[in-house]
Amino acid sequence: MEHFDAIIVGAGAAGLFCAARAGQQGLRVLLLDHSDRIAEKIRISGGGRCNFTNRDAGPANYLSDNPRFARSALSRYTPADFIALVQRHRIAFHEKHKGQLFCDHSAEDIIAMLLREGEAGGVVRRQPCGVHGIRRSEGETPRFELDTDAGPVAAPRLVIATGGLPVPAIGATDFGLKVAQQFGLGVIAPRPALVPLTFDAQAWAPFAALSGIALPAGISCGTGKARTTFLEDLLFTHRGLSGPGVLQISSFWRPGQPIEIDLTPGLDLAARLLEAKQGSRRQLGNEFATLLPARLAEAWLAGAGLDAARPMPECRDRDLQALAQRARAWSLQPAGDAGWKKAEVMAGGVDTRELSSQSLESRKVPGLHFIGEVVDVTGWLGGYNFQWAWASAAACADAMAAGRA
């Protein structure tokens, strides 16, 4: 039996960072992962350039059944802290959109940085190395004993950083959720998030030919105080809708709910069309195509039963107003989502009411920690989920090192 101060299972963003930070504070750390490839989710993120954080990340950018939980970790390890680490390693990066930071060169730069940080902390990494059993032995010095491909190992602290269920092709599993359940922790039902939405084939048939069209749109779901709206790009696909706006709203959407889309955000479309009626000699189809992509404008008029060839001065006011109203508040009922293969993250996970917000340690099982995506904290699209990985890992590592977890 080999002995360590802490064993971390999962060598993704959260696991690599937690291991390095704990090791650099004097803990003897073992990092295990069943995959033969290191940090594959970092490697494929951001189109291969890794959207490693967001300058504006804060508690309001996360959802959870326990919304206040993430505040502590996020306030103690901020985007500025991770940016400083990236700059210390001389990794070139740029801001792409709304605070989203990407590597100039490659996501491999972030992976290499995390590995160098781990080496500086003396982290022992074994990969591929599966874990086949976990026990907690009681006594004067309680510890966790793990049966692994490389033999039995033990430590008083065990950190589960195995991520969520999205993208099973790169090795995603429910290992972390099973460990939580094994030790009696509650789990919020996992579901795909940041995922395209799909529609009934017959209902979507009029729009399937619009696949590939993209445009900025306002996308909303929910009612009252629970109503959420994003202003982002919308992408038509053969089966439904994707693009940043749809991925964002998918985290908040629930089966059975409609979504509402404003195809001309920031524009009083009715006023614009009525004004054009007075001063334009164009046909309705040509005029409408100045406000929406041409193929979408054509399909939209056909769906409304309006003659695209009718000259603007001959259009009835009530038809133009109805056309504008539908385009500004297009209500749709998704049939579902594209599932784990297409989801970027998992919503749900280990119930945060079971964990300390200071250390990410189980309240029931001393020494057992959960960090990163396996926890019921889900960020918006745009680097927020990586920031949660860094922040939760730092909180856990610092608490373990200080012996106050």
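Above: the structure in question.
The structure reproduced in this document is the subject of the present report.

Some thoughts on helix α1 (residues 13–24)
Consideration 1: With twelve residues, α1 extends 17 Å from end C-alpha to end C-alpha; this agrees with the ideal 16 Å at 1.5 Å per step.
Consideration 2: Within α1, the full set of buried residues consists of Ala13, Ala14, Gly15, Leu16, Phe17, Cys18, Ala19, Ala20, Ala22 and Gly23.
Consideration 3: Two residues or fewer past α1, Gly26 is found with a positive phi of approximately 100 degrees.

Some thoughts on the sheet that holds strand β3 (residues 29–32)
Consideration 1: Reading across the sheet, the five strands line up as β8-β3-β2-β12-β22 and stay open at both edges, with parallel pairing between neighbours. Only two strands of the sheet have a single neighbouring strand rather than two, namely β8 (124–126) and β22 (368–370). Across the sheet, the mean angle separating the axes of adjacent strands is 20 degrees when strand polarity is ignored.
Consideration 2: Summarising the sheet, strand β12 (residues 157–160) and β22 pair through three bridges and their orientation is parallel. Within β22, the residue paired with Ile160 across the bridge is Phe370.
Consideration 3: α1 rests against β2 (6–9), β3 and β12 of the sheet, and its axis sits at about 170 degrees to β3.

With respect to the packing of aromatic side chains
Consideration 1: Scanning all chains against the criterion turns up 19 aromatic pairs.
Consideration 2: Arranged with centres 5.8 Å apart and planes meeting at 75 degrees, the rings of Phe17 and Trp390 form a pair that is edge-to-face. Here Trp390 lies in helix α13 (residues 384–402) and Phe17 lies in helix α1, a separation of 373 residues in the sequence. Taken individually, Phe17 and Trp390 each receive the classification buried, so the pair is uniform in this respect.
Consideration 3: A centroid spacing of 6.3 Å and a plane angle of 90 degrees characterise the contact between Tyr62 and Tyr384, whose relative ring orientation is edge-to-face. Remark: Tyr384 occurs in helix α13 and Tyr62 occurs in strand β5 (residues 62–63); sequence separation between them is 322 residues.

Things to note about unusual backbone geometry
Consideration 1: Along the chain, Gln127 connects to Pro128 via a cis peptide bond; the corresponding omega equals 0 degrees.
Consideration 2: Tracing the chain through its elements places Pro128 in the loop between β8 and β9 (131–137).
Consideration 3: Within the chain, Val167 stands out as a residue other than glycine whose phi angle is a positive 55 degrees.
Consideration 4: As for its placement among the helices and strands, Val167 is situated in the loop between β12 and α6 (175–182).

Comments concerning the environment of Arg43
Consideration 1: Position of Arg43 among the secondary structure elements: in helix α2 (residues 40–44).
Consideration 2: Residue class for Arg43 comes out buried when judged on its relative accessible area of 16%.
Consideration 3: In sequence terms Arg43 and Glu108 are 65 residues apart; their C-alpha atoms lie 6.1 Å from each other.
Consideration 4: Setting aside its immediate chain neighbours within four residues, Arg43 contacts Arg37, Ile38, Gly48, Ala107, Glu108 and Ile111.
Consideration 5: Separated by 2.9 Å, the side chain of Arg43 and the backbone oxygen of Ile38 make a polar contact.
Consideration 6: A distance of 2.7 Å separates polar atoms of two side chains, one belonging to Arg43 and the other to Glu40.

Some points on the packing of α1 against α13
Consideration 1: Running from N to C, α1 and α13 point in directions that differ by 30 degrees, and their axes come no closer than 8 Å. The pairing of α1 with α13 is recorded here as roughly parallel in orientation. The interaxial crossing formed by α1 with α13 has right-handed handedness. In contact with Ala13, Ala14, Phe17, Cys18, Arg21 and Ala22 of α1, α13 contributes Phe386, Ala389, Trp390, Ala393, Ala394, Cys396, Ala397, Asp398 and Met400.
Consideration 2: Broken down by class, the residue content of the contact of α1 with α13 amounts to 13 nonpolar, no polar and two charged.

A closer look at the pattern of salt bridges
Consideration 1: On inspection of all chains with the given rule, the structure shows 22 salt bridges.
Consideration 2: The partner of Arg55 in a salt bridge is Glu95, with the nearest N and O atoms 3.0 Å apart. Of this pair, Arg55 sits in the loop between β4 (51–54) and β5 while Glu95 sits in strand β6 (residues 93–97), and the two are 40 residues apart along the sequence.
Consideration 3: Salt bridges sharing partners connect three or more residues here, namely Arg37, Glu40, Arg43 and Glu108.

What to know about the side chain of Glu287
Consideration 1: Of note, Glu287 is situated in helix α10 (residues 284–288).
Consideration 2: The residues touching Glu287, leaving out its near neighbours within four places in the chain, are Ala276, Ser280, Arg282 and Met312.

Brief notes about α13
Consideration 1: Across its 19 residues, α13 extends 27 Å between first and last C-alpha, which sits within 8% of the 27 Å expected from 1.5 Å per residue.
Consideration 2: Within α13, 16 of the 19 residues are buried, leaving the element largely enclosed by the surrounding structure.
Consideration 3: Count one or two residues on from α13 and you reach Gly403, which has phi positive near 70 degrees.

Thoughts on the side chain of Glu145
Consideration 1: Residue placement: Glu145 occurs in strand β10 (residues 143–148).
Consideration 2: Those residues in contact with Glu145 that lie beyond four places of it in its chain are Met1, Gly133, Ile134, Arg135, Ser137, Val153 and Ala154.

Here we look at the sheet that holds β4
Strand pairing in a sheet relies on backbone hydrogen bonds, with the paired strands running either antiparallel or parallel.
Consideration 1: The sheet built from three strands is open, its strands ordered β4-β7-β6 with antiparallel pairing. Edge positions in the sheet fall to β4 and β6, since each has one partner strand and no second. In this sheet, adjacent strand axes meet at a mean angle of 35 degrees when their direction is disregarded.
Consideration 2: Strand direction decides the pairing type here: β4 and strand β7 (residues 100–103), joined by three bridges, are antiparallel. Looking at β7, one finds that Thr53 is bridged to Leu101.

Reading the values: the criteria
Numbers given for residues are sequential positions, taken from 1 along each chain in its written order. Totals for whole chains, interfaces and linings use every residue, but because this is a predicted model, local features are given only for residues with pLDDT of at least 70 and side-chain atom pairs only at 80 or more, for both listing and counting. Here the side-chain values reflect all heavy atoms present in the structure, with hydrogen atoms and water set aside. Helical segments are the DSSP runs of H or I of at least four residues, strand segments are the runs of E of at least two, and each set is numbered from the N terminus. Multiplying 1.5 Å by the helix residue count minus one yields the expected span of that helix. Partly exposed describes any residue whose relative accessible area lies between the buried limit of under 20% and the exposed limit of over 50%, with all areas from a 1.4 Å probe on protein chains only and scaled to the type maximum. Only when DSSP finds a minimum of two bridges between them are two strands counted as paired. Here an angle of 0 to 180 degrees is reported between the N-to-C directions of two axes, which are lines fitted to C-alpha atoms, with helices fitted over the stretch in contact. Whether two residues are in contact is decided by their heavy atoms: any pair within 4.5 Å suffices. Working definition: a ring pair exists when centres of Phe, Tyr or Trp rings (six-membered ring for Trp) sit within 6.5 Å. Plane angles under 30 degrees give stacked, over 60 give edge-to-face, the rest tilted. In protein, a polar contact means a hydrogen-donor-capable atom and an acceptor-capable atom, both N or O and within 3.5 Å, with residues adjacent in sequence counting only if both atoms are side-chain atoms; elsewhere, any N or O pair within 3.5 Å suffices. By definition in this entry, angles of less than 35 degrees are roughly parallel, angles greater than 145 are roughly antiparallel, angles of 65 to 115 are roughly perpendicular, and the rest are oblique. Helix crossings get a hand from a simple test, with the near helix turned counterclockwise from the far one by less than a right angle marking a left-handed crossing and a clockwise turn marking a right-handed one. Each residue gets one of three labels, nonpolar for Ala, Val, Leu, Ile, Met, Phe, Trp, Tyr, Cys and Pro, charged for Asp, Glu, Lys and Arg, and polar for the others, Gly among them. Only one rule defines a salt bridge in this text: a Lys or Arg side-chain nitrogen within 4 Å of an Asp or Glu carboxyl oxygen.

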